[in-house]
Each structure stands twice: as C-alpha cells, then as structure tokens.
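Architecture at a glance
Next come the chains, spelled out residue by residue.
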Amino acid sequence: MQGLVPAATDGNMATEFHNLQELRHSASLANKVFIQRDYSEGTTCRFQTKFPSELESRIERTLFEDTVKTLNNYYAEAEKIGGQSYLEGCLACATAYLIFLCMETRYEKVLKKIAKYIQEQNEKIYAPRGLLITDPIERGMRVIEISIYEDRGSSGSSSGSSSVSGSTAR
Amino acid sequence: MKNCEYQQIDPRALSVLPSSAQNHTEKKAQRPRRKWEVFPGKNRFFCDGRIILARQNGVLPLTLSLIIVTCGLFFAFDCPFLVKHLTVFIPVIGGVLFVFVVLSLLRTSFTDPGILPRATPDEAADVEKQIDTSGSSTYRPPPRTKEILINQQVVKLKYCFTCKTFRPPRTSHCSLCDNCVERFDHHCPWVGNCVGKRNYRFFYSFIISLSFLTSFIFGCVITHITLRTQAGKTIVQAIQESPARYPFLELVVCFFSIWSILGLSGFHTYLVASNLTTNEDIKGSWSSKRGAEDSGNPYTYNSIITNCCATLCGPMPPSLIDRRGFLPHDEAIPAVSASEIELPPFTAKNDAHMCTPSTKDVLERMVHSLDSQGLCSPGTPKTTPLNGEVSSAAALSRDASSSAGCSQQLDHQAVAAHCPLFSRSSKRDSLHSINPAFRLAAPSPSLSRTTLIQGDAPDTGFIPLP
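This structure is a prediction, so every number in the text was calculated from the model and none was measured.

1. Some words on the overall build of chain B
Per the secondary structure count, chain B includes 17 helices and ten strands. A buried classification covers 51% of the 466 residues belonging to chain B. Of the contacts made within chain B by residues no fewer than 6 positions apart, 69% connect residues no fewer than 24 positions apart. Summed over its atoms, the accessible surface of chain B is roughly 22,000 Å², and 64% of this surface lies on carbon and sulfur atoms.

2. So, unusual backbone geometry
All names here are of chain B. One non-glycine residue with positive phi stands out, namely Asn275, at about 50°. Asn275 sits in the buried class, given a relative accessible area of 5%. Its identity as a non-glycine residue notwithstanding, Asn302 has a phi of 60°, on the positive side. Looking at the secondary structure, you find Asn302 in the loop between α8 (278–283) and α9 (304–312). Judged by its relative accessible area of 71%, Asn302 falls in the exposed class.

3. What about the pattern of salt bridges?
Evaluated as defined, the whole model comprises 13 salt bridges over all chains. With a shortest N-O distance of 3.3 Å, Glu77 of chain A and Lys113 of chain A are connected by a salt bridge. Of this pair, Glu77 of chain A sits in helix α2 (residues 61–78) while Lys113 of chain A sits in helix α4 (residues 106–126), and the two are 36 residues apart along the sequence. Residue class for Glu77 of chain A comes out partly exposed when judged on its relative accessible area of 32%. Residue class for Lys113 of chain A comes out partly exposed when judged on its relative accessible area of 39%. Several salt bridges share partner residues, and in doing so they unite Lys32, Arg139 and Glu145 of chain A together with Asp122 of chain B into one network.

4. Some remarks on the environment of Arg55 of chain B
You can see Arg55 of chain B is positioned in the loop between β2 (51–54) and α2 (60–85). Note: C-alpha distance between Arg55 of chain B and Lys42 of chain B (13 residues apart in sequence) is 5.5 Å.

5. Things to note about the nonpolar core
Counting residues in hydrophobic clusters, the biggest one holds 43 residues, and the most contacted among them are Ile67, Phe74, Phe203, Phe206, Leu210, Leu213 and Ile217 of chain B. Elements with a minimum of two residues in this core: α2, α3 (89–110), β4 (145–150), β5 (153–160), α5 (200–230) and α7 (242–273) of chain B. Among the elements that make up this core, the one with the highest residue count is α5 of chain B (twelve residues). The contacts of Phe74 of chain B, once residues within four sequence positions are left out, are Cys79, Ile90, Gly94, Phe216, Ile217, Cys220 and Glu250 of chain B. Membership of the second largest hydrophobic core comes to 32 residues, among which are Ala78, Leu111 and Tyr117 of chain A together with Cys163 of chain B.

6. Topic: the pairing of strand β3 (residues 143–150) of chain A
Residue and element names in this part refer to chain A. Within β3, eight of the eight residues are buried, leaving the element largely enclosed by the surrounding structure. Here β3 shows no split at all, with Val143, Glu145, Ser147 and Tyr149 on one side and Ile144, Ile146, Ile148 and Glu150 on the other all buried. Across eight bridges, the pairing between strand β1 (residues 28–36) and β3 is antiparallel. What sits directly across from Gln36, in β3, is Val143.

7. Things to note about the packing of α2 of chain B against α3 of chain B
All names here are of chain B. Where α2 contacts α3, the axes come no closer than 10 Å and their chain directions differ by 175°. The pairing of α2 with α3 is recorded here as roughly antiparallel in orientation. Contacts between α2 and α3 pair Leu60, Thr63, Leu64, Ile67, Ile68, Cys71, Phe74, Phe75, Cys79, Leu82 and Val83 from the former with Ile90, Pro91, Gly94, Gly95, Phe98, Val101, Val102, Leu105, Leu106 and Ser109 from the latter. Considered class by class, the residues forming the contact of α2 with α3 number 17 nonpolar, four polar and no charged.

8. Focus on the packing of aromatic side chains
All names here are of chain B. Under the definition given, this model contains ten aromatic pairs over all chains. An angle of 85° between the planes, with centres 5.5 Å apart, marks the rings of Tyr159 and Phe161 as edge-to-face. Since its relative accessible area comes to 15%, Phe161 is described here as buried. One aromatic cluster is present, formed by Phe218, Phe255, Phe256 and Trp259 through successive ring pairs. Taking the ring centre of Tyr200 as reference, the NZ or CZ of Arg183 above it sits at 5.5 Å.

9. Looking at the interface of chain A and chain B
Every contact between the two is made by 41 residues of chain A and, on the other side, 43 residues of chain B. If you sort the residues of chain A by the area they bury against chain B, Tyr39, Tyr97 and Arg142 of chain A come out on top, with a joint share of 20%. Taken together, the connections running from chain A to chain B amount to two salt bridges. The salt bridge partner of Asp122 of chain B is Lys32 of chain A, with a shortest N-O separation of 2.5 Å. On the surface where chain A and chain B come into contact, there are four residue pairs in polar contact (both at pLDDT 80 or more). At the level of secondary structure, the elements contributing two or more residues to the side of chain A that touches chain B comprise β1, α3 (83–94), α4, β3 and α5 (156–168) of chain A. No other element matches β1 of chain A, which puts seven residues into the side of chain A that touches chain B. A breakdown of the residues in the side of chain A that touches chain B according to their chemical character gives 19 nonpolar, eleven polar and eleven charged.

10. Regarding the confidence of the model for chain A
As a general rule, the predicted coordinates of low-pLDDT regions are not to be interpreted in detail. Residue and element names in this part refer to chain A. On average, residues of chain A score 77 in pLDDT, and 72% of them are at 70 or above. Mean pLDDT values for the elements of chain A range from 43 in α5 up to 91 in α2. Segment residues 1–10 is flagged for pLDDT under 50; beyond a separation of four residues in sequence, or across chains, it makes 19 contacts in the model. For residues 154–170, every residue scores under 50 in pLDDT, and the model assigns this stretch twelve contacts once sequence neighbours within four places are set aside.

11. Quick look at α2 of chain B
A rise of 1.5 Å per residue sets the reference length of α2 of chain B, with its 26 residues, at 38 Å; its end C-alpha atoms lie 36 Å apart and thus fit the reference within 8%. Inspection of α2 of chain B places Leu60, Thr63, Ile67, Thr70, Cys71, Leu73, Phe74, Asp78, Cys79, Phe81 and Leu82 of chain B among the buried residues, and these make up the whole buried set.

12. Focus on the sheet that holds strand β6 (residues 165–166) of chain B
Residues and elements named next belong to chain B. Pairing is antiparallel in the open sheet, where three strands are placed in the order β4-β5-β6. Only two strands of the sheet have a single partner each, and these edge strands are β4 and β6. Here β4 pairs with β5 via six bridges, running antiparallel. Of the residues in β5, the one forming a bridge with Glu147 is Lys156.

13. Examining the sheet that holds strand β3 (residues 115–116) of chain B
Here we have three strands laid out as an open sheet, ordered β3-β8-β7 (chain B), and antiparallel in their pairing. At either end of the open sheet lies a strand with only one pairing partner, and these are β3 and β7 (172–174) of chain B.

14. Digging into a nonpolar patch on the surface
Residues and elements named next belong to chain B. Side chains of Val83, Val88, Phe89, Val92, Ile93 and Val96 sit close together on the surface and give an oily, nonpolar patch of about 530 Å² of accessible area. The element best represented in the nonpolar patch is α3, accounting for four residues. Turning to its location among the elements, Val88 is positioned in the loop between α2 and α3.

Calculation notes
- Residues numbered from 1 in each chain as written.
- Chains lettered and ligands numbered in written order.
- Predicted model: local features only at pLDDT ≥ 70, side-chain atom pairs only at ≥ 80, totals over all residues.
- Heavy atoms only, no water.
- Helix = DSSP H or I, 4+ residues; strand = E, 2+ residues; numbered from the N terminus.
- Buried < 20%, exposed > 50% of the residue type's maximum accessible area, 1.4 Å probe, protein only.
- Contact = heavy atoms within 4.5 Å.
- Areas by Shrake-Rupley, 256 points an atom, 1.4 Å probe, with all protein chains shown as cover.
- Salt bridge = Lys/Arg side-chain N within 4 Å of Asp/Glu carboxyl O.
- Core = buried A, V, L, I, M, F, W, Y, C linked by side-chain atoms within 4.5 Å.
- Pairing = 2+ DSSP bridges.
- Axes fitted to C-alpha atoms, helices over the stretch in contact; angles between N-to-C directions.
- Parallel < 35°, antiparallel > 145°, perpendicular 65-115°, else oblique.
- Nonpolar A, V, L, I, M, F, W, Y, C, P; charged D, E, K, R; others polar.
- Phe/Tyr/Trp six-rings, centres within 6.5 Å; stacked < 30°, edge-to-face > 60°.
- Lys NZ or Arg CZ within 6 Å of the ring centre and 35° of its normal.
- Buried area = accessible area lost by both parts, 1.4 Å probe.
- Polar contact = N/O pair within 3.5 Å; in protein donor to acceptor, adjacent residues only side chain to side chain.
- pLDDT = per-residue confidence, 0-100.
- Expected span 1.5 Å × (residues − 1).
- Patch = residues over 30% accessible without salt bridge, like charges linked within 9 Å, V, L, I, M, F, W, Y side chains within 5 Å.

Written out as structure tokens, the structure reads:
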C-alpha cells in the first residue's frame, strides 16, 4: 500500500500535486467514509473524532484523530465570538454591511487556511495511503468525506482483498 | 474481475467524452456551467448567481414601493417646511435612515439565508445504510429521527426527505423555497426570502431601522401639521392646503406600520436576547410549560448581552451552496455516456459489498432501469456478463445509477423533453428506494413497486415530509 503513490520529495509541490491527480486517475474509488458532525456542544462546527472501522487497515488512528482535531480547532477559531468578531460585526453594521463587499471576513480567511491544511494533509499523509479527504465546505459542512482508493495497478489483488476484508468487518 | 472492466473503460470514455457530448448536446457542453444553474431548490438567481431570491418574492416590490413613496413624499413636502421652520438636520437624518433601511432590506432579500445543499448520492446512501443497520429486526418502520445530546439536553434531529440528510439542530425545511435553511427563523413574504442564520442580522437591522424611520416620519409629519395649525388655520384647513395633503397619506401609512413594525421589533429583540428563533418560539420547543424539568434552551449563553452579541455580531458564516462555482466537467455533460461511467465504479463496489437490504434495493431499481435503459442511455456499454449475483448487482447498480444520473440531468435541461415519463418515474423510484419505511412495509417491494410505477399511480405515500 505504501507503494501506491511514490513518496513526494520534500518541498516539491508540483510533484506532490501531480501525484494527487495521478491518484485520482490511476486508482479506482473503492469506498467513501463520512465523518459526521458532532453536535454535543451546540451548533458550532465540530466533527466526530470516532475512528471509522473502514479506515482501520489504511491509516493509523492517531494520525486520523490529529487531522480531525486540527480541523475542529480551525472551525472553532473561525466561529469564536470574541473581541475581533464583535468589532467586525459592529463595523459592518455601521457601514450598512457594505464593508463585506470589499473585505474578507475572518471566517473566509480561516476557510482558506483549512483548505491549505487539507491539501497538505492529503499530499503528505493520506494520498500515500490511498485515501483522499474532501474539504467539508464542498459538502455543505455536513461531513468530512474520505475517499478510499484501490490501486488498480500491480498491488491490485492485495489491496482489493484488504478492502473487501475491511468492508465485511463492518 | 468486473471492476477491472470498469476501470479499463474509464480512460477511453474520458477521451470519447468531447465528441459524444457534441453529438448529444448542442451548445451547453462547451460553455462551463455554474452551480446555480442546476440548483435544485425553488430559488431565482440574478447577476450570474450573485443575487439569490426565493421564487415567490411575495410582496417585496410592495414593501420597496411603500418605503420609497412614503420617503419621497416626506422629502418633497415635509422637509422644505421643516427645514425652514426647524433645522436642516431633519432631511439629513431622514436620508441616513432611508439609505440604511433600503440597504438592509436589499441585503436581507438577496442574501443566501443559510441554505444547506442537498446531500450527494453517496452521503444519502451512507445515511440509509446506517439507519438500516441500527434498526431493529422487528417489523416496524425505522425511526426517521435521531436523538442527540446538546449541552446535556436531548434534542431530536429529523430526517429531511427532500434533502436526504438528518437536519442539523435548529435547521428547518422551508416548503416555499424547498430548501433546508440553517437556524431557520421564518419565511418573510415582505422581504421575499427566508430569514435564517446568514441574514438574520440584516433582517433585524432592517426592522429596527424601519421602526426608527417610521417613527421619525410620523413625528415629523405631526410636527408639520401642528406648525401649520399654529399659524392660525384649523387642522382641516391645514390638511386641505395643497402641499399638506400628501403628509396625510404619509400619516396613515406610518400610523398603521408603526404598530406592526414596532411590535415585530420588540418581538425579535426578545428572541435575540434569549437566543431563540421564531420557529422555536412558535412551536414552544424550549418552553418550560411543557412540564419537563430540563427543557430549557440549550443554545442560550444565559446572558442577554452575550446572546445579543452572538446573534448579531457573531462571525459571518459563508454561503454553503457555492452558487458561482463551476460544475465539474463530468456533471456538466448530460448523462448519456459520462455519468454512467463515472458513477458506477463507486456504486458498483459499494453495492457489491453491502449487506442484503441494499442488494434488495438494487434489485428493485433493476426493474425500472431495465425498462428505461433503451429510452435514455443508448450509449450504455452492455458488455458486462450478467452471471453471478455480485456482477449482476454491480451491473444493475450501474444501470440504476445511470438512470439516477440521467434523471438528475434531465430535470434541469431541455433534454427532458426526450423522456419525461422516465425521468418522473425514476425520480419517484429514487424516493422509494431510500424510504426504508416503505421498503420494510412492503414484503414484495419489487413487484408492488413495479406495478405502482408502471401504472403511473400518484405516489401520495411518498411525498417527502418537510
């Protein structure tokens, strides 16, 4: 499974991006896992950190939990109500909300950071394991979609059997 | 393995796509389409997706014209008199208020209120699977609600049949707009849009500033008439005097709107201070009169100031529906050869490895997709041998997904003219297939559903509950 996509050399973003594209075209989509929202603290955006069983054979639990926890922290930072958000809100109200036409809100800035983080995680950790995380914003912030790919090439039989065993273990 | 066959088709199909697209559609395939053009809700879009409105914009033109006409009369007839007799700040204040009111109104009407995009087919299938596996084995329809704990309080999440997802807390489905809206307050006909998470602060500032504006105009008109009467005439004479006739009209408008607007402002101030929505207040979701000990509002911060600040000055969440994004290449091309190739690798394997209820699902869909196969997708490669349950399930799911994809595209394009009956029946079919209540209730679903669909009977039982 490690040989699915050649490990990218450090700092070579073009190669890493190319590897992700290759992953999409060369591997076949086996399954998708959806990490649902965690509403235990209200309507703020949090995702469950429960490790799905389908990923047991693909990735280490700690790596996965780290990713979800970091994402949760990013969203908490975006939705934090504090001094800066009050200032932004009052300024917006005072300018009859016209300021939103020229200024980017803090939430949007954090979303950009999240997109960059997910891209980086995909390249460094998930793509080498045949997985791909979809940014939750593309799914309406409902789920984190993790696509599980099978290698269509040489290690087809081994990864095929592992995905079968993973799914029957459900 | 049959999977390898699908992958082998992929690159060739992708290279074949441009020519087949040109064969099957005229110009739409060349122009990249934006997501708002295929948006499933009942909304209207302007300025290439920048502006969103509900389909029935209610009385928004009336609201706008009332405000503009009343203010116009005020500036034309009252201001000259009052500037002469009182102060020049009167039209200034009036002008500022007027601009604020109109901007807030337009912002409320044209902003996405917090629409939740509908679930992708994969997500819907995943949710279905979870409902099935967690349901009991006894013969009763599985619950379409999920209970969760929010701040140590039990809250029920309902399943939305239209959007095919469990609604987040405080989200409600608006039947007028046919969308799930986050933190749904109400659908305001005056504003012509739903009021939800993203535009509640605009709505609130609109009604507050409108209260100030109507009170201000009312006060100015009263002052105007009073000043005229003080100049020696009676009230009747003052009103009959030519420029002062119009203020009477303003007086009437303002008098009636003040009561309603001030009342509404007061009500919404109460809602903001207790972090409630109109929807929750009307339904009495968190009312302590219900008898339960701890049924307080789990979302409140227990402080009026924090509640106000959180609701009105909180961070502005982004729009989730991405109106101006471009559709991915495979979705933009109508279903004929593209989506049926793109969708099946996932659905095939998913169904092949899934447990029995969804295989039954696939078999149900088989009946309809085989009927419709000839109608809608002439380019379907039927090379997969139909031997063995797994391969047949996979092939059938491919057909089913092609039919689902076909109907999805057909709904939104002129190609719908080609097979309207098919698109209707397969849409109903997709509603059926994801309704476990129906599936468990019918022992022989394939037969009953076949007769139902082919007989084109009205599906009163499957109207999605909002």
